[in-house]
Amino acid sequence: MARIKVHELRQKSKTDLLAQLKDLKAELALLRVAKVTGGAPNKLSKIKVVRLSIAQVLTVISQKQKAALREAYTKKKFLPLDLRPKKTRAIRRRLTKHQASLKTEREKKREMYFPLRKYAIKV
């Protein structure tokens, strides 16, 4: 079996992907049996290709699933934790831009009653 191209995998449906995954796992099991029984060298080198293909199929499945979840949660008030941006813990805890820009009543009064004075300088 030749290497699988990921762009071809992305166009397949989930059922096709799961079927292909099942076939690849069966093939890997046969190759492992051949390895134990002392099979041909070309079969031994094929194990790496099949494992890589299994990883690619699983990756595409999870990416499709995550994309579908993102689509489902657009325009919702809250996002599940795994769909939120990771960033760093400190950044996530930080005040939002809106919260940081808010002023207390005292600050508002102080700015209103004591505005910053403007001076014109003669040259």
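Below, the structure is looked at part by part.

1. A closer look at the nonpolar core
Formed by 13 residues in total, the largest nonpolar core has its most connected members in Leu9, Leu17, Leu24, Val50, Ile54 and Val57. Among the elements that make up this core, the one with the highest residue count is helix 3 (residues 41–72) (six residues). Excluding residues within four positions of it along the chain, Leu17 makes contact with Leu9, Lys12, Val57, Val60, Ile61 and Lys64.

2. Digging into the side chain of Gln56
Examined against the element boundaries, Gln56 turns out to sit in helix 3. Not counting chain neighbours up to four residues away, the residues in contact with Gln56 comprise Arg3, Ile4, Val6 and Leu9.

3. Thoughts on the environment of Tyr73
Relative to the elements of secondary structure, Tyr73 occurs in the loop between helix 3 and helix 4 (89–93). Along the backbone, Tyr73 and Leu83 are 10 residues apart, and their C-alpha atoms lie at a distance of 9.0 Å. Excluding residues that lie within four positions of it along the chain, Tyr73 makes contacts with Phe78, Leu79, Pro80 and Leu83.

4. A short note on the pattern of salt bridges
Side chains that carry opposite charge are capable of pairing whenever their charged atoms lie near each other. Scanning the model with the defined rule gives three salt bridges in all. Close ionic contact of Glu27 with Lys46 constitutes a salt bridge, the shortest N to O distance being 3.2 Å. Pair noted here: Glu27 is in helix 2 (residues 14–36) and Lys46 is in helix 3, with a separation of 19 residues, a long-range link. On the basis of relative accessible area, Glu27 is assigned to the buried category, the value being 16%. The partner of Glu105 in a salt bridge is Lys108, with the nearest N and O atoms 3.6 Å apart.

5. Brief notes about the environment of Lys87
Relative to the helices and strands, Lys87 is located in the loop between helix 3 and helix 4. The exposure class of Lys87 is exposed, given its relative accessible area of 56%. Lys87 sits 73 residues away from Lys14 along the chain, and the two C-alpha atoms are 31 Å apart.

6. Looking at the layout of surface pockets
Here the largest pocket defines a volume of roughly 410 Å³. The wall of the largest pocket is formed by 13 residues, among which Lys87, Ile91, Arg92, Arg94 and Thr96 lie closest to the centre. Elements supplying a minimum of two residues to the lining of the largest pocket: helix 4 and helix 5 (97–101). Sorting elements by how many residues they give to the lining of the largest pocket places helix 5 first, with three residues. Considered class by class, the residues forming the lining of the largest pocket number five nonpolar, two polar and six charged.

Thresholds applied
- Residues numbered from 1 in each chain as written.
- Predicted model: local features only at pLDDT ≥ 70, side-chain atom pairs only at ≥ 80, totals over all residues.
- Heavy atoms only, no water.
- Core = buried A, V, L, I, M, F, W, Y, C linked by side-chain atoms within 4.5 Å.
- Buried < 20%, exposed > 50% of the residue type's maximum accessible area, 1.4 Å probe, protein only.
- Helix = DSSP H or I, 4+ residues; strand = E, 2+ residues; numbered from the N terminus.
- Contact = heavy atoms within 4.5 Å.
- Salt bridge = Lys/Arg side-chain N within 4 Å of Asp/Glu carboxyl O.
- 1 Å grid on protein atoms, 1.4 Å probe; cavity = no way out; pocket = protein on both sides within 12 Å on 5 of 7 lines; lining within 4 Å.
- Points joined across faces, edges and corners; volume = space filled by probe spheres on them.
- Nonpolar A, V, L, I, M, F, W, Y, C, P; charged D, E, K, R; others polar.

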